[in-house]
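Here's the letter readout for the chains.
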Amino acid sequence: MASVRPEKPETVREWDRLAIEEYGIPGIVLMENAGAGAAAIISRLSHEDPERYAPPFVILCGPGNNGGDGYVVARHLFNSGFPVEVYLPFNPGVQEEESDAGINLAVIRKMGITVETPGPGELGRILQQKGTCTIIDGLLGTGLSRPLQDPYLAWVGATAESGQAVIALDIPSGLDAGSGEILGRCAAADHTITFAAPKTGLCQGSGPDFTGRLHVVKIGIPQNIRENQEKHQG
Ligand SMILES: NC(=O)c1ccc[n+]([C@@H]2O[C@H](COP(=O)([O-])OP(=O)(O)OC[C@H]3O[C@@H](n4cnc5c(N)ncnc54)[C@H](OP(=O)(O)O)[C@@H]3O)[C@@H](O)[C@H]2O)c1
């Protein structure tokens, strides 16, 4: 289900819950659809404008499902022949190995994709030393619950100051998905690839200044869920 109508993040999270719990679609299938759809768009952008959206793809993955989407994107771009590098601002040992994100992290490690965990201040140096690249922001999505602190604050700052193309997954990290308020810092994206429906925060407050061009990817949520919701809203 793709919708251009902005929805509250809690509404989309409820769609996810119902898809998983009521319809039996495993969360990892939704994650696969999200990441595969995003990778297809990123691949197209890179072919259409190879100077701006140049590989390598530097994929920043946070500790939740937004990071999980990033691992799936990494796998699909790698399979398409693009060089990819994955950077984590947290100790992956902390991530539940059985979680959807943890499973996808284990897969890309087995594939030999570079996964590194540099310290808070090191990402800026890494990005400066790199020539042109494209940053994929999978740090924090709708689960952002408080103002950024290091290492996230430093990583978002390094992204903002890098001058590289930035493509955000679901929502630029640091942007409140509901209100569009910046919680500490946010790096303006050239493109935001959002899942199931645009979140209200992309379209109000500071959202429009940080979202760039918006793409909506269907992730396989049953249409019935949306129709039932609209019926109840009258
Ligand atoms: N079913 C699916 O797989 C599916 C479907 C659709 C979309 N998605 C993706 O999943 C995302 C939502 O995933 P999610 O609920 O796991 O949330 P998330 O956006 O990935 O972030 C949640 C993680 O970030 C941490 N966090 C929140 N605010 C923070 C801050 N200011 N500084 C540092 N860490 C912070 C949380 O820690 P605490 O617990 O300590 O707060 C938690 O570990 C969506 O945006 C979308 O990208 C997944």
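Quick note: structure is the one above.
Quick summary incoming for the structure in this document. From a predicted model like this one, the values you see are computed outputs, not experimental measurements.

Assigned secondary structure in the chain consists of eight helices and seven strands. For 234 residues, the compact-globule estimate of 2.2 N^0.38 gives 17 Å, and the C-alpha radius of gyration of the chain, at 17 Å, lies within 12% of that figure. In the chain, which comprises 234 residues, the share counted as buried stands at 45%. Nonlocal contacts in the chain, meaning residues at least 24 apart in sequence, comprise 75% of its contacts between residues at least 6 apart.

Strands sit in the order β3-β2-β1-β4-β5-β6-β7 across an open sheet of seven strands; the sheet is parallel. The open sheet has two edge strands, β3 (114-116) and β7 (213-217), and neither has a second partner. Across the sheet, the axes of successive neighbouring strands diverge by a mean angle of 20°, strand direction being ignored. Bridge count for strand β1 (residues 57-61) against strand β4 (residues 134-138) is five bridges, and the pairing is parallel. Note on β4: the bridge partner recorded for Phe57 is Thr134. Sitting on the sheet, helix α3 (residues 65-79) is in contact with β1, β2 (84-87), β4 and β5 (165-169), with an inclination near 155° to β1.

Around the ligand, the surrounding shell holds 27 residues, and the nearest of these are Gly64, Asn65, Asn66, Gly141 and Gly143. Considering only residue class, the shell around the ligand consists of twelve nonpolar, ten polar and five charged.

Direction vectors running N to C along helix α5 (residues 122-129) and helix α6 (residues 152-161) enclose 20°, while the axes themselves pass 8 Å from each other. It follows that α5 is roughly parallel to α6 by the angle criterion. The way α5 lies across α6 gives a crossing that is right-handed. Packed against α5, whose contacting residues are Leu123, Gly124 and Leu127, the element α6 presents Ala154, Trp155, Ala158 and Glu161 at the interface. Tallied by class, residues from the contact of α5 with α6 come to five nonpolar, one polar and one charged.

Along the chain, Pro55 connects to Pro56 via a cis peptide bond; the corresponding omega equals 5°. Mapped onto the secondary structure, Pro56 falls in the loop between α2 (27-48) and β1. A positive phi angle is found at Ala196, which is not glycine, with a value near 75°. Positionally, Ala196 belongs in the loop between β6 (191-195) and α7 (207-211). Residue class for Ala196 comes out buried when judged on the 27 C-beta atoms lying within 10 Å of it.

Another aspect to go through is α3. For α3, with 15 residues, the first-to-last C-alpha span of 21 Å sits near the 21 Å given by 1.5 Å per residue. Most of α3 sits out of view: 14 of its 15 residues are buried. Looking one or two places after α3, you find Gly81, whose phi comes out positive at around 95°.

Counting residues in each nonpolar core, the largest one holds 61 residues, and the members touching the most others are Ile59, Leu60, Val73, Ala74, Val86 and Ile136. The element best represented in this core is α2, accounting for seven residues. Among all residues touching Ile136, those that are not within four sequence positions of it are Ile42, Phe57, Val58, Ile59, Leu60, Gly70, Val73, Ile167 and Leu169.

Let us now look at the pairing of β2. Bridge count between β1 and β2: four bridges; the pairing is parallel. Note that in β2 the partner of Phe57 across the bridge is Val84. Each parallel crossover has a hand, and for β1 linked through α3 to β2 it is right-handed. In this sheet, β3 lies alongside β2 in parallel orientation, the contact comprising three bridges. Paired with Tyr87 across the bridge in β3 is Glu116.

As a further point, take the environment of Val216. Looking at where Val216 falls in the secondary structure, it is placed in strand β7. Sequence-wise, Val216 and Thr194 are 22 residues apart; in three dimensions their C-alpha atoms are separated by 5.0 Å.

Calculation notes
Residues numbered from 1 in each chain as written. Predicted model: local features only at pLDDT ≥ 70, side-chain atom pairs only at ≥ 80, totals over all residues. Helix = DSSP H or I, 4+ residues; strand = E, 2+ residues; numbered from the N terminus. Rg over C-alpha atoms; globule rule 2.2 N^0.38 Å. Buried ≥ 20, exposed ≤ 12 C-beta atoms within 10 Å, placed from the backbone. Contact = placed C-beta atoms within 7 Å. Pairing = 2+ DSSP bridges. Axes fitted to C-alpha atoms, helices over the stretch in contact; angles between N-to-C directions. Near = placed C-beta within 6 Å. Nonpolar A, V, L, I, M, F, W, Y, C, P; charged D, E, K, R; others polar. Parallel < 35°, antiparallel > 145°, perpendicular 65-115°, else oblique. Left-handed = near helix turned anticlockwise from the far one by under 90°. Expected span 1.5 Å × (residues − 1). Core = buried A, V, L, I, M, F, W, Y, C linked by C-beta atoms within 7 Å. Right-handed = clockwise from strand over helix to strand, strands pointing away.

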